[in-house]
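Geometric and topological summary
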Amino acid sequence: MSHSEAAHPHTNYVKIWGILVVLLIVSILGPELGHPVITLVTAFGIAFVKAYLVAMKFMHLDREPKFVMYFVATTLAFMALLFAGVAPDVMLHDGKNWDHSAAKQVVETGQALQGEGQGH
Amino acid sequence: MMVKPLATNRSSSGMSTGKLAVWWLIASEIVIFGGVLASYLMFRLGHPEWGAAASHTNTWAGALNTMVLLTSSLSAVLAHQAAEQGDGKKAARFLYFTVLGALMFLVIKSFEWTHEIGLGFTLQSGGFWSFYYLAAGIHAAHVIAGAIIMIWVAAYAKRNEELQRVEYIGIYWHFVDIVWIFLFPLLYIAK
(Lines give C-alpha, C1' and ligand atoms only; values in the text may rest on other atoms or scores of the structure.)
Protein backbone atom coordinates (compact mmCIF):
# COMPACT_ATOMS: atom_id res chain seq x y z
CA MET A 1 0.00 0.00 0.00
CA SER A 2 1.47 3.39 -0.98
CA HIS A 3 1.69 6.35 1.38
CA SER A 4 -1.41 7.97 -0.14
CA GLU A 5 -3.38 4.80 0.50
CA ALA A 6 -2.29 4.44 4.12
CA ALA A 7 -4.95 4.48 6.86
CA HIS A 8 -6.35 7.87 7.98
CA PRO A 9 -7.48 7.04 11.49
CA HIS A 10 -7.47 10.63 12.77
CA THR A 11 -10.05 12.08 10.38
CA ASN A 12 -13.33 12.70 12.20
CA TYR A 13 -15.73 11.87 9.36
CA VAL A 14 -18.86 12.36 11.48
CA LYS A 15 -17.74 15.93 12.28
CA ILE A 16 -17.26 16.64 8.54
CA TRP A 17 -20.72 15.19 7.84
CA GLY A 18 -22.13 17.50 10.56
CA ILE A 19 -20.52 20.53 8.87
CA LEU A 20 -21.99 19.41 5.51
CA VAL A 21 -25.48 19.14 7.06
CA VAL A 22 -25.19 22.63 8.60
CA LEU A 23 -24.10 23.99 5.19
CA LEU A 24 -27.07 22.24 3.57
CA ILE A 25 -29.46 23.91 6.03
CA VAL A 26 -27.90 27.33 5.31
CA SER A 27 -28.19 26.71 1.55
CA ILE A 28 -31.93 26.01 1.95
CA LEU A 29 -32.71 28.89 4.33
CA GLY A 30 -30.51 31.55 2.65
CA PRO A 31 -32.56 31.78 -0.58
CA GLU A 32 -35.76 32.07 1.51
CA LEU A 33 -34.68 35.64 2.34
CA GLY A 34 -35.33 36.52 -1.31
CA HIS A 35 -32.17 38.61 -1.81
CA PRO A 36 -30.37 37.67 -5.07
CA VAL A 37 -26.83 38.13 -3.65
CA ILE A 38 -27.63 36.08 -0.53
CA THR A 39 -29.20 33.38 -2.75
CA LEU A 40 -26.09 33.31 -4.94
CA VAL A 41 -23.73 33.01 -1.97
CA THR A 42 -25.77 30.58 0.15
CA ALA A 43 -27.04 28.29 -2.64
CA PHE A 44 -24.17 28.29 -5.13
CA GLY A 45 -21.20 29.47 -3.03
CA ILE A 46 -21.96 26.87 -0.36
CA ALA A 47 -22.31 24.16 -3.06
CA PHE A 48 -18.64 24.75 -3.91
CA VAL A 49 -17.64 24.55 -0.24
CA LYS A 50 -19.60 21.29 0.21
CA ALA A 51 -18.07 19.80 -2.96
CA TYR A 52 -14.60 20.83 -1.75
CA LEU A 53 -15.14 19.16 1.64
CA VAL A 54 -16.41 15.92 0.06
CA ALA A 55 -13.53 15.84 -2.47
CA MET A 56 -10.81 16.56 0.10
CA LYS A 57 -12.07 14.79 3.21
CA PHE A 58 -14.15 11.88 1.88
CA MET A 59 -12.41 11.20 -1.46
CA HIS A 60 -9.03 12.10 0.10
CA LEU A 61 -8.04 14.06 -2.98
CA ASP A 62 -5.61 16.06 -0.82
CA ARG A 63 -3.67 12.86 -0.08
CA GLU A 64 -3.48 11.57 -3.65
CA PRO A 65 -0.43 12.13 -5.89
CA LYS A 66 -0.43 15.60 -7.45
CA PHE A 67 -1.15 14.31 -10.98
CA VAL A 68 -4.68 13.25 -9.93
CA MET A 69 -5.45 16.85 -9.01
CA TYR A 70 -3.97 17.96 -12.35
CA PHE A 71 -6.13 15.75 -14.53
CA VAL A 72 -9.27 16.51 -12.54
CA ALA A 73 -8.45 20.23 -12.93
CA THR A 74 -7.87 19.70 -16.67
CA THR A 75 -11.37 18.26 -17.16
CA LEU A 76 -12.84 21.20 -15.21
CA ALA A 77 -10.87 23.57 -17.47
CA PHE A 78 -12.41 21.83 -20.52
CA MET A 79 -15.84 22.41 -19.00
CA ALA A 80 -15.03 26.12 -18.55
CA LEU A 81 -13.76 26.23 -22.14
CA LEU A 82 -17.02 24.73 -23.41
CA PHE A 83 -18.98 27.31 -21.43
CA ALA A 84 -16.85 30.24 -22.64
CA GLY A 85 -17.00 29.10 -26.26
CA VAL A 86 -20.72 28.41 -26.51
CA ALA A 87 -22.25 30.79 -23.93
CA PRO A 88 -22.33 33.92 -26.14
CA ASP A 89 -24.45 32.09 -28.74
CA VAL A 90 -26.81 30.55 -26.20
CA MET A 91 -27.18 33.30 -23.62
CA LEU A 92 -27.49 36.21 -26.04
CA HIS A 93 -30.31 36.36 -28.58
CA ASP A 94 -28.81 38.97 -30.88
CA GLY A 95 -25.46 40.49 -31.77
CA LYS A 96 -23.76 42.89 -34.14
CA ASN A 97 -24.50 40.87 -37.29
CA TRP A 98 -27.01 38.29 -36.12
CA ASP A 99 -30.44 37.95 -34.60
CA HIS A 100 -31.98 34.83 -33.04
CA SER A 101 -35.60 35.84 -33.37
CA ALA A 102 -37.02 32.41 -32.45
CA ALA A 103 -35.24 32.43 -29.06
CA LYS A 104 -36.34 36.03 -28.43
CA GLN A 105 -39.92 35.07 -29.18
CA VAL A 106 -39.77 32.10 -26.80
CA VAL A 107 -38.50 34.36 -23.99
CA GLU A 108 -41.13 37.03 -24.70
CA THR A 109 -43.99 34.50 -24.86
CA GLY A 110 -42.79 32.79 -21.68
CA GLN A 111 -42.52 36.05 -19.78
CA ALA A 112 -45.94 37.19 -21.00
CA LEU A 113 -47.49 33.93 -19.78
CA GLN A 114 -45.66 34.36 -16.48
CA GLY A 115 -47.05 37.90 -16.17
CA GLU A 116 -50.59 36.65 -16.88
CA GLY A 117 -50.17 33.94 -14.26
CA GLN A 118 -49.10 36.50 -11.65
CA GLY A 119 -52.01 38.79 -12.61
CA HIS A 120 -54.61 36.14 -11.84
CA MET B 1 -3.20 -21.21 -7.38
CA MET B 2 -4.64 -18.09 -8.98
CA VAL B 3 -2.04 -15.39 -9.65
CA LYS B 4 -3.18 -11.84 -10.20
CA PRO B 5 -1.80 -10.06 -13.26
CA LEU B 6 1.01 -7.58 -12.59
CA ALA B 7 -1.18 -4.63 -13.67
CA THR B 8 -3.49 -5.25 -10.70
CA ASN B 9 -0.82 -4.52 -8.13
CA ARG B 10 1.72 -2.23 -9.75
CA SER B 11 2.17 1.20 -8.23
CA SER B 12 4.53 3.09 -10.54
CA SER B 13 1.97 5.94 -10.50
CA GLY B 14 2.00 6.03 -6.70
CA MET B 15 -1.34 4.23 -6.45
CA SER B 16 -2.86 0.89 -7.42
CA THR B 17 -4.05 0.46 -11.01
CA GLY B 18 -7.64 -0.02 -9.86
CA LYS B 19 -7.66 3.30 -8.03
CA LEU B 20 -6.00 5.03 -10.98
CA ALA B 21 -8.75 3.62 -13.24
CA VAL B 22 -11.43 5.00 -10.90
CA TRP B 23 -9.85 8.47 -11.04
CA TRP B 24 -9.79 8.28 -14.85
CA LEU B 25 -13.45 7.29 -14.76
CA ILE B 26 -14.20 10.30 -12.53
CA ALA B 27 -12.33 12.57 -14.97
CA SER B 28 -14.49 11.33 -17.87
CA GLU B 29 -17.62 11.68 -15.73
CA ILE B 30 -16.71 15.31 -15.00
CA VAL B 31 -16.78 15.94 -18.76
CA ILE B 32 -20.20 14.23 -19.09
CA PHE B 33 -21.90 15.94 -16.14
CA GLY B 34 -19.92 19.14 -16.68
CA GLY B 35 -21.24 19.36 -20.24
CA VAL B 36 -24.83 18.89 -19.10
CA LEU B 37 -24.53 21.35 -16.21
CA ALA B 38 -22.68 24.00 -18.27
CA SER B 39 -25.32 23.72 -21.03
CA TYR B 40 -28.14 24.01 -18.49
CA LEU B 41 -26.51 27.07 -16.91
CA MET B 42 -26.16 28.80 -20.30
CA PHE B 43 -29.78 28.17 -21.27
CA ARG B 44 -31.06 29.07 -17.80
CA LEU B 45 -29.27 32.44 -17.93
CA GLY B 46 -30.49 33.05 -21.48
CA HIS B 47 -34.09 32.12 -20.69
CA PRO B 48 -35.38 33.96 -17.60
CA GLU B 49 -38.85 32.52 -18.25
CA TRP B 50 -37.54 29.09 -17.11
CA GLY B 51 -37.85 30.40 -13.56
CA ALA B 52 -41.61 29.81 -13.75
CA ALA B 53 -41.08 26.15 -14.67
CA ALA B 54 -38.41 25.74 -11.97
CA SER B 55 -40.84 27.06 -9.33
CA HIS B 56 -42.76 23.76 -9.66
CA THR B 57 -39.87 21.61 -8.41
CA ASN B 58 -40.10 20.52 -4.78
CA THR B 59 -37.22 22.11 -2.81
CA TRP B 60 -37.88 19.93 0.25
CA ALA B 61 -37.71 16.70 -1.76
CA GLY B 62 -34.42 17.89 -3.27
CA ALA B 63 -33.10 18.87 0.18
CA LEU B 64 -34.12 15.52 1.66
CA ASN B 65 -32.31 13.70 -1.15
CA THR B 66 -29.21 15.85 -0.55
CA MET B 67 -29.33 14.84 3.11
CA VAL B 68 -29.70 11.16 2.14
CA LEU B 69 -26.71 11.32 -0.24
CA LEU B 70 -24.50 13.18 2.27
CA THR B 71 -25.30 10.53 4.88
CA SER B 72 -24.63 7.71 2.42
CA SER B 73 -21.27 9.35 1.62
CA LEU B 74 -20.47 9.26 5.35
CA SER B 75 -21.21 5.53 5.51
CA ALA B 76 -19.13 4.95 2.33
CA VAL B 77 -16.09 6.66 3.88
CA LEU B 78 -16.63 4.76 7.16
CA ALA B 79 -16.68 1.54 5.09
CA HIS B 80 -13.33 2.60 3.61
CA GLN B 81 -11.95 3.26 7.10
CA ALA B 82 -13.11 -0.18 8.28
CA ALA B 83 -11.56 -1.82 5.21
CA GLU B 84 -8.23 -0.11 5.91
CA GLN B 85 -8.37 -1.53 9.44
CA GLY B 86 -8.88 -4.97 7.88
CA ASP B 87 -12.44 -5.33 9.21
CA GLY B 88 -14.23 -6.60 6.11
CA LYS B 89 -17.48 -7.45 7.92
CA LYS B 90 -17.80 -3.91 9.29
CA ALA B 91 -16.94 -2.46 5.87
CA ALA B 92 -19.67 -4.60 4.27
CA ARG B 93 -22.22 -3.39 6.86
CA PHE B 94 -21.41 0.24 6.05
CA LEU B 95 -21.63 -0.51 2.33
CA TYR B 96 -25.08 -2.06 2.77
CA PHE B 97 -26.11 1.07 4.69
CA THR B 98 -24.88 3.14 1.73
CA VAL B 99 -26.98 0.97 -0.63
CA LEU B 100 -29.96 1.68 1.63
CA GLY B 101 -29.25 5.40 1.10
CA ALA B 102 -29.22 4.83 -2.68
CA LEU B 103 -32.60 3.07 -2.47
CA MET B 104 -34.06 5.88 -0.35
CA PHE B 105 -32.80 8.43 -2.86
CA LEU B 106 -34.46 6.54 -5.73
CA VAL B 107 -37.76 6.11 -3.85
CA ILE B 108 -37.93 9.86 -3.05
CA LYS B 109 -37.10 10.65 -6.70
CA SER B 110 -39.80 8.25 -7.93
CA PHE B 111 -42.47 9.95 -5.79
CA GLU B 112 -41.26 13.34 -6.95
CA TRP B 113 -41.29 12.44 -10.66
CA THR B 114 -44.68 10.68 -10.40
CA HIS B 115 -46.15 13.84 -8.90
CA GLU B 116 -44.57 16.12 -11.52
CA ILE B 117 -45.56 13.91 -14.46
CA GLY B 118 -49.08 13.75 -12.97
CA LEU B 119 -49.20 17.55 -13.12
CA GLY B 120 -48.30 17.37 -16.82
CA PHE B 121 -44.62 18.30 -16.54
CA THR B 122 -42.95 15.79 -18.84
CA LEU B 123 -39.71 15.65 -20.82
CA GLN B 124 -41.48 17.48 -23.64
CA SER B 125 -43.01 20.27 -21.53
CA GLY B 126 -40.23 22.75 -22.34
CA GLY B 127 -36.51 23.42 -22.15
CA PHE B 128 -36.33 23.45 -18.36
CA TRP B 129 -38.11 20.12 -17.97
CA SER B 130 -35.93 18.51 -20.68
CA PHE B 131 -32.80 19.46 -18.73
CA TYR B 132 -34.43 18.56 -15.40
CA TYR B 133 -35.27 14.99 -16.42
CA LEU B 134 -32.03 14.53 -18.40
CA ALA B 135 -29.65 15.71 -15.64
CA ALA B 136 -31.52 14.04 -12.77
CA GLY B 137 -32.06 10.92 -14.92
CA ILE B 138 -28.37 10.48 -15.77
CA HIS B 139 -27.56 11.06 -12.11
CA ALA B 140 -30.14 8.46 -10.98
CA ALA B 141 -28.62 5.96 -13.45
CA HIS B 142 -25.26 6.51 -11.72
CA VAL B 143 -26.90 5.96 -8.33
CA ILE B 144 -28.35 2.63 -9.55
CA ALA B 145 -24.97 1.54 -11.04
CA GLY B 146 -23.16 2.52 -7.82
CA ALA B 147 -25.62 0.58 -5.65
CA ILE B 148 -25.27 -2.59 -7.77
CA ILE B 149 -21.45 -2.42 -7.70
CA MET B 150 -21.52 -1.76 -3.95
CA ILE B 151 -23.58 -4.91 -3.30
CA TRP B 152 -20.99 -6.86 -5.31
CA VAL B 153 -18.02 -5.27 -3.46
CA ALA B 154 -19.73 -5.86 -0.08
CA ALA B 155 -20.18 -9.57 -0.88
CA TYR B 156 -16.38 -9.89 -1.17
CA ALA B 157 -15.62 -7.54 1.73
CA LYS B 158 -17.79 -9.67 4.04
CA ARG B 159 -15.30 -12.51 3.46
CA ASN B 160 -12.35 -10.11 3.97
CA GLU B 161 -11.51 -10.35 0.26
CA GLU B 162 -10.56 -7.55 -2.18
CA LEU B 163 -10.90 -4.88 0.51
CA GLN B 164 -9.15 -2.30 -1.70
CA ARG B 165 -12.34 -2.20 -3.80
CA VAL B 166 -14.22 -0.62 -0.87
CA GLU B 167 -12.19 2.57 -1.37
CA TYR B 168 -12.65 2.46 -5.18
CA ILE B 169 -16.44 2.31 -5.03
CA GLY B 170 -16.36 4.94 -2.26
CA ILE B 171 -14.51 7.42 -4.50
CA TYR B 172 -17.14 6.86 -7.22
CA TRP B 173 -19.97 7.29 -4.71
CA HIS B 174 -18.59 10.57 -3.35
CA PHE B 175 -18.41 11.85 -6.93
CA VAL B 176 -22.10 10.99 -7.44
CA ASP B 177 -22.74 12.95 -4.22
CA ILE B 178 -20.78 15.98 -5.53
CA VAL B 179 -22.81 16.00 -8.77
CA TRP B 180 -26.02 16.15 -6.72
CA ILE B 181 -24.57 18.93 -4.55
CA PHE B 182 -24.52 21.07 -7.74
CA LEU B 183 -27.78 19.76 -9.22
CA PHE B 184 -29.70 20.67 -6.05
CA PRO B 185 -29.27 24.48 -6.20
CA LEU B 186 -29.47 24.53 -10.02
CA LEU B 187 -32.75 22.60 -10.31
CA TYR B 188 -34.46 23.22 -6.97
CA ILE B 189 -33.31 26.58 -5.57
CA ALA B 190 -32.74 28.90 -8.57
CA LYS B 191 -36.39 29.85 -9.22
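Residues numbered from 1 in each chain as written. Chains lettered and ligands numbered in written order. Predicted model: local features only at pLDDT ≥ 70, side-chain atom pairs only at ≥ 80, totals over all residues. Heavy atoms only, no water.

1. Here's the deal with helix α7 (residues 164–189) of chain B
Residue and element names in this part refer to chain B. Rules: Segments assigned H or I by DSSP are reported as helices when at least four residues long, segments assigned E as strands when at least two residues long, and all are numbered from the N terminus. In this scheme, a helix's expected span is set at 1.5 Å multiplied by one less than its residue total. By definition, a residue's bend is the angle between the axes fitted to the seven residues ending there and the seven starting there. Here's how the labels work: a residue is buried when its accessible area is under 20% of the maximum for its type, exposed when over 50%, partly exposed in between, all with a 1.4 Å probe on protein chains only.
Compared with the 38 Å implied by 1.5 Å per residue over 26 residues, the 38 Å span of α7 between its first and last C-alpha is a close match. Taking the largest bend as the criterion, α7 deviates by roughly 30 degrees, centred on L183, and proline P185 comes between one and four positions later. In terms of burial, α7 is largely enclosed, as 23 of its 26 residues are buried.

2. Side note on the interface of chain B and chain A
Quick reminder of the rule: Note on contacts: a residue pair qualifies if any of its non-hydrogen atoms lie within 4.5 Å across the two residues. Any Lys or Arg side-chain nitrogen located within 4 Å of an Asp or Glu carboxyl oxygen qualifies as a salt bridge. Within 3.5 Å is the distance limit for a polar contact, defined as a pair of N or O atoms, with the added protein rule that one can donate a hydrogen and the other accept it, and that residues adjacent in sequence qualify only through two side-chain atoms. In the scheme used here, Gly and all other residues not listed as nonpolar or charged are polar, with Ala, Val, Leu, Ile, Met, Phe, Trp, Tyr, Cys and Pro taken as nonpolar and Asp, Glu, Lys and Arg as charged.
Each partner contributes to the interface: chain B provides 50 residues, whereas chain A provides 53 residues. On the surface where chain B and chain A come into contact, there are one salt bridge. E64(A) is paired through a salt bridge with K19(B); the nearest N and O atoms lie 3.0 Å apart. Taken together, the links from chain B to chain A amount to four residue pairs in polar contact (both at pLDDT 80 or more). Elements with a contribution of two residues or more to the side of chain B that touches chain A: α2 (17–46), α4 (59–84) and α7 of chain B. In terms of residue count, α2(B) provides more of the side of chain B that touches chain A than any other element does, 16 residues in total. The residue makeup of the side of chain B that touches chain A, split by class, is 32 nonpolar, 13 polar and five charged.

3. Let's talk about the pattern of salt bridges
Per the counting criterion, the structure on display carries seven salt bridges over all chains. K104(A) is the partner of D99(A) in a salt bridge, and the nearest nitrogen-oxygen pair spans 2.7 Å. You can call D99(A) partly exposed: its relative accessible area is 48%. Taking the relative accessible area as the measure of exposure, K104(A) reaches 26% and is therefore partly exposed. Residue E161(B) is joined to R159(B) by a salt bridge in which the shortest nitrogen-to-oxygen separation is 3.5 Å. Owing to a relative accessible area of 34%, E161(B) belongs among the partly exposed residues under this scheme. A network of salt bridges, in which partner residues are shared, links E64(A), K19(B) and E167(B).

4. Examining the side chain of E49(B)
Threshold: Just so you know, the count uses Lys and Arg for positive and Asp and Glu for negative, and it drops His and the chain ends.
By the secondary structure assignment, E49(B) is in the loop between α2 and α3 (50–54). No salt bridge is formed by the buried E49(B); its nearest oppositely charged neighbour, R44(B), is found at 7.4 Å. The contact partners of E49(B), leaving out residues within four places of it in the chain, are V106(A), V107(A), G110(A), Q111(A) and Q114(A).

5. Here we look at the packing of aromatic side chains
Aromatic ring pairs are defined here through the distance separating the ring centres and the angle between the ring planes. Residues and elements named next belong to chain B. Let me state the cut-off plainly: Geometry of aromatic contacts follows a simple scheme: Phe, Tyr and Trp rings, the Trp one being its six-membered ring, pair when their centres are within 6.5 Å, and the pair is stacked under 30 degrees between planes, edge-to-face over 60, tilted otherwise. Whether a charge sits over a ring depends on NZ of Lys or CZ of Arg being within 6 Å of the ring centre and within 35 degrees of the ring normal.
Counted according to the given criterion, the structure contains 23 aromatic pairs over all chains. Ring centres of W180 and Y188 lie 5.8 Å apart, and the angle between their planes is 55 degrees; on these two criteria the pair is classed as tilted. Across the pair, Y188 and W180 agree in class, each one buried. The cationic tip of R159 hangs over the ring face of Y156; the distance from NZ or CZ to the ring centre is 5.1 Å. Residue placement shows R165 over the ring face of Y156; its charged tip is 5.1 Å from the ring centre.

6. Describing unusual backbone geometry
Most of the time, phi is negative for any residue but glycine, and the peptide bond is trans. Phi at H60(A) takes a positive value of approximately 60 degrees, unusual for a residue other than glycine. In this structure, H60(A) sits in the loop between α2 (36–58) and α3 (66–91).

7. Re the domain arrangement of chain A
The cut-off we apply is this: Throughout, the edges of the domains are those of an automatic or database domain assignment.
Domain boundaries in chain A define domain 1 (1–64) and domain 2 (66–113). Distance from the C-alpha centre of domain 1 of chain A to the C-alpha centre of domain 2 of chain A: 27 Å.

8. Overview of α3(A)
For α3(A), with 26 residues, the first-to-last C-alpha span of 36 Å sits near the 38 Å given by 1.5 Å per residue. Along α3(A), the helix axis deviates most sharply at G85(A), where the bend reaches about 35 degrees; the proline P88(A) sits within four residues downstream. Among the structural elements, α2 of chain B are those in contact with the buried residues of α3(A).

9. Examining the environment of L69(B)
Residue and element names in this part refer to chain B. Among the structural elements, L69 can be located in helix α4. With a relative accessible area of 0%, L69 lands in the buried category. Remark: the alpha-carbon pair of L69 and V176, spanning 107 residues in sequence, is separated by 8.6 Å. Discounting residues that sit within four places of it in the chain, L69 has contacts with F105, H139, W173, V176, D177 and W180.

10. A look at the environment of T114(B)
With respect to the helices and strands, the residue T114(B) is situated in helix α5 (residues 88–118). For T114(B) and S16(B), which are 98 residues apart along the polypeptide, the C-alpha to C-alpha distance reads 43 Å.

11. Some details on the nonpolar core
The cut-off we apply is this: Buried residues of nine kinds, namely Ala, Val, Leu, Ile, Met, Phe, Trp, Tyr and Cys, make up a nonpolar core once their side-chain atoms join them within 4.5 Å.
In this structure, W23(B) and F128(B) are the most contacted members of the largest nonpolar core, which totals 85 residues. Per-element tally for this core: the top contributor is α7(B), with 18 residues. Shared between two domains, this core holds at least three residues of each, these being domain 1 (1–64) and domain 2 (66–113) of chain A.

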